Amino acid sequence: MATVILVRHGRTTANATGLLAGRAAGVSLDQTGREQAALTGERLAAVPVVGVVSSPLERCQQTAQLILDRQAGTPYAPVEPDLTECDYGQWQGRKLSDLATEDLWSAVQSQPSAVVFPGGESMAGMQARAVAAIRRHDAAFEAEYGPGAVWVAVSHGDVIKSIIADALGMHLDLFQRISVGPASVSIVRYSATSPSVYATNTEAGDLSWLSNGVHSTDAPVGGGAGHQAP
């Protein structure tokens, strides 16, 4: 199938002050976040992506626009509600330092599959709807543009971590072992048999090798020769 580039939004005012923004309106990229997202746009300029799908929240749409601004063409750019942030319920808007004193915090760290945020959603539910959305869009892009298609999904830290965990075949209880920094790039390709994870949490580096797409093969014994830049 196609190849998806998972991009977390750049740093926000809430990130900088240690607040859990959740789905709150009006949370924008700060200056550092805009610079981070612009750099990601520069990295992706060498890759003719067929679509840039974004969470509906402002910080993701701002990041998506900075990616679109550097594309030579005009990729399809829909908003996908199922890529939105986890609904943290009563935790939303609170300081992370305060939340770390809650009894639920230890479960978030060690057994997230059992966590349901008070007044919000479960982390398992978050993963299920996000993975389903990624696979749905991936299949649609492959059907329209062919198996070499490359597209971008702009979303949130926990959401992207849960998508990567699914692609790696990891239980959700292990997903806190994955790091996804602001404006970072992770790359996953889905095939008829299983996903392949090509990169996680990258903040620099040449991505031009993606311009010709990634073609499905069996995993090479010994690791193979890698990708060649066009």
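Each chain carries its own residue numbering, running from 1 in the direction its sequence is written. Reporting of local features is limited, given that this is a predicted model, to residues whose pLDDT is at least 70; pairs of side-chain atoms are given and counted only at 80 or more, and all residues count toward the totals for whole chains, interfaces and linings. Derived side-chain values reflect all non-hydrogen atoms in the structure, with water molecules and hydrogen atoms excluded from consideration.

Our next topic: the overall build of the chain. A run of DSSP states H or I qualifies as a helix once it reaches four residues; a run of E qualifies as a strand once it reaches two. Both are numbered from the N-terminal end. The secondary structure content of the chain amounts to 7 helices and 5 strands. Taken from the N to the C terminus, the helices and strands of the chain come in the order β-α-α-β-α-α-α-α-β-α-β-β. Based on C-alpha atoms, the radius of gyration is set beside the globule rule, defined as 2.2 Å times the residue count to the power 0.38. Here the chain has a C-alpha radius of gyration of 17 Å; the compact-globule value for 230 residues is 17 Å, and the two agree. Dimensions of the chain, computed from C-alpha atoms along their principal axes, come out at roughly 50 × 35 × 30 Å. Sorting the 230 residues of the chain into buried and exposed places 46% on the buried side. Partly exposed describes any residue whose relative accessible area lies between the buried limit of under 20% and the exposed limit of over 50%, with all areas from a 1.4 Å probe on protein chains only and scaled to the type maximum.

To continue, consider the environment of Ser-186. Structurally, the position occupied by Ser-186 is in strand β4 (residues 185-189). Classification of Ser-186 by relative accessible area gives buried; the value is 1%. For the pair formed by Ser-186 and Ala-72, sequence separation is 114 residues and the distance between their alpha carbons is 22 Å. Polar contacts here mean pairs of N or O atoms no more than 3.5 Å apart (in protein, one a potential hydrogen donor and the other a potential acceptor; neighbouring residues in sequence count only if both atoms are side-chain atoms). Reaching out from Ser-186, the side chain makes a polar contact with the backbone nitrogen of Asn-201 at a distance of 2.9 Å.

Here we take up the pairing of β4. Within β4, 5 of the 5 residues are buried, which leaves it mostly tucked inside the rest of the structure. In short, DSSP must find at least two bridges between two strands for them to pair. Pairing of strand β1 (residues 3-8) with β4 involves 5 bridges; the strand directions are antiparallel. When the bridges of β4 are listed, Leu-6 appears paired with Ser-186. Note that β4 and strand β5 (residues 196-202) share 4 bridges and pair antiparallel. Bridging from a neighbouring strand, Val-188 pairs with Val-197 of β5. If you look at the hairpin formed by β4 and β5, you'll find 6 residues sitting between the two strands.

Turning next to unusual backbone geometry. The phi dihedral of Ala-183 is positive, around 60°, even though this residue is not glycine. The residue Ala-183 is located in the loop between α7 (157-168) and β4 in this model. Assessed through its relative accessible area of 3%, Ala-183 is described here as buried. One non-glycine residue with positive phi stands out, namely Asn-201, at about 55°. Mapped onto the elements, Asn-201 comes out in strand β5.

With that out of the way, let us pick up the sheet that holds strand β3 (residues 150-155). Pairing is mixed across the open sheet formed by 5 strands, whose spatial order is β2-β3-β1-β4-β5. The open sheet terminates on both sides in strands that have one partner only, identified here as β2 (52-54) and β5. Direction aside, the axes of adjacent strands within the sheet are offset by 20° on average. The pairing of β2 with β3 spans 3 bridges and is classified as parallel. By the bridge assignment for β3, Val-52 is matched with Val-152. Throughout, a contact is declared for two residues whenever any of their heavy atoms are within 4.5 Å. Angles run from 0 to 180 degrees between N-to-C directions of axes, and those axes are lines fitted to C-alpha atoms, restricted for helices to the stretch in contact. This element, helix α6 (residues 123-145), spans β1, β2 and β3 of the sheet and lies at about 155° to β3.

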